[in-house]
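This is what each chain is made of:
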Amino acid sequence: MFAYIDCHSGISGDMFLGALLDLGASVKDVERAVRAVAGEGAPSITARAVKSGPIKGRRVTVKIPPN
């Protein structure tokens, strides 16, 4: 699969991650990839479907454990 992302004004990480999850990525797979890079102190990731008026999306929360 190939995706072209046109974000000429920038993009926030949680919104981008939410879009990827809406496209079919798995939260478990994303957490596994983050853990592979960050090790045991990796952040936890949760996602839930949200709706604001006619717009639907996925709200992603990233919690970083204290050091």
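Quick look at the structure, then. (Residues numbered from 1 in each chain as written. Predicted model: local features only at pLDDT ≥ 70, side-chain atom pairs only at ≥ 80, totals over all residues. Heavy atoms only, no water.)

1. Notes on the layout of surface pockets
Taken as a whole, the largest pocket spans an internal volume of roughly 200 Å³. Asp-14, Met-15, Gly-18, Ala-19, Val-50, Ser-52, Ile-55, Lys-56, Gly-57, Arg-58, Arg-59 and Val-60 are the residues that line the largest pocket. Broken down by secondary-structure element, the contributors of at least two residues to the lining of the largest pocket are helix H1 (13-22), strand E1 (44-52) and strand E2 (55-63). The biggest single contributor to the lining of the largest pocket is E2, with 6 residues. (1 Å grid on protein atoms, 1.4 Å probe; cavity = no way out; pocket = protein on both sides within 12 Å on 5 of 7 lines; lining within 4 Å. Points joined across faces, edges and corners; volume = space filled by probe spheres on them. Helix = DSSP H or I, 4+ residues; strand = E, 2+ residues; numbered from the N terminus.)

2. Digging into H1
For an α-helix, the turn length of 3.6 residues means that residues three or four places apart are oriented alike. Regarding H1, the residues found buried are Leu-17, Gly-18 and Leu-21. The arc enclosing the buried residues of H1, seen along the axis, measures out at 105°, which places them on a common side. At its buried positions, H1 is contacted by helix H2 (27-38), E1 and E2. Where H1 terminates, the next one or two residues include Gly-24, which has phi positive at roughly 125°. (Buried < 20%, exposed > 50% of the residue type's maximum accessible area, 1.4 Å probe, protein only. Arc of directions from axis to C-beta. Contact = heavy atoms within 4.5 Å.)

3. Looking at the pattern of salt bridges
Note that side chains of opposite charge can pair when their charged atoms are close. Inspection of the entire model under this criterion finds 2 salt bridges. Across the pair Arg-58 and Asp-22 runs a salt bridge whose closest N-O atoms are separated by 3.0 Å. Here Arg-58 is found in strand E2, whereas its partner Asp-22 is found in helix H1, with 36 residues between them in sequence. Between Asp-29 and Arg-32 there is a salt bridge; the shortest N-O distance is 2.7 Å. With Asp-29 and Arg-32 both in helix H2 and 3 residues apart, this pair spans about one turn of that helix. Assessed through its relative accessible area of 41%, Asp-29 is described here as partly exposed. (Salt bridge = Lys/Arg side-chain N within 4 Å of Asp/Glu carboxyl O.)

4. Considerations on the pairing of E1
Within a regular strand, the side chains alternate between the two sheet faces. Where E1 lies against E2, 9 bridges are found, and the strand directions are antiparallel. Within E2, the position partnered with Ala-49 by the bridge is Arg-58. Between E1 and E2, which pair antiparallel one after the other, the connecting turn spans 2 residues, and Gly-53 there sits at a positive phi close to 65°. (Pairing = 2+ DSSP bridges.)

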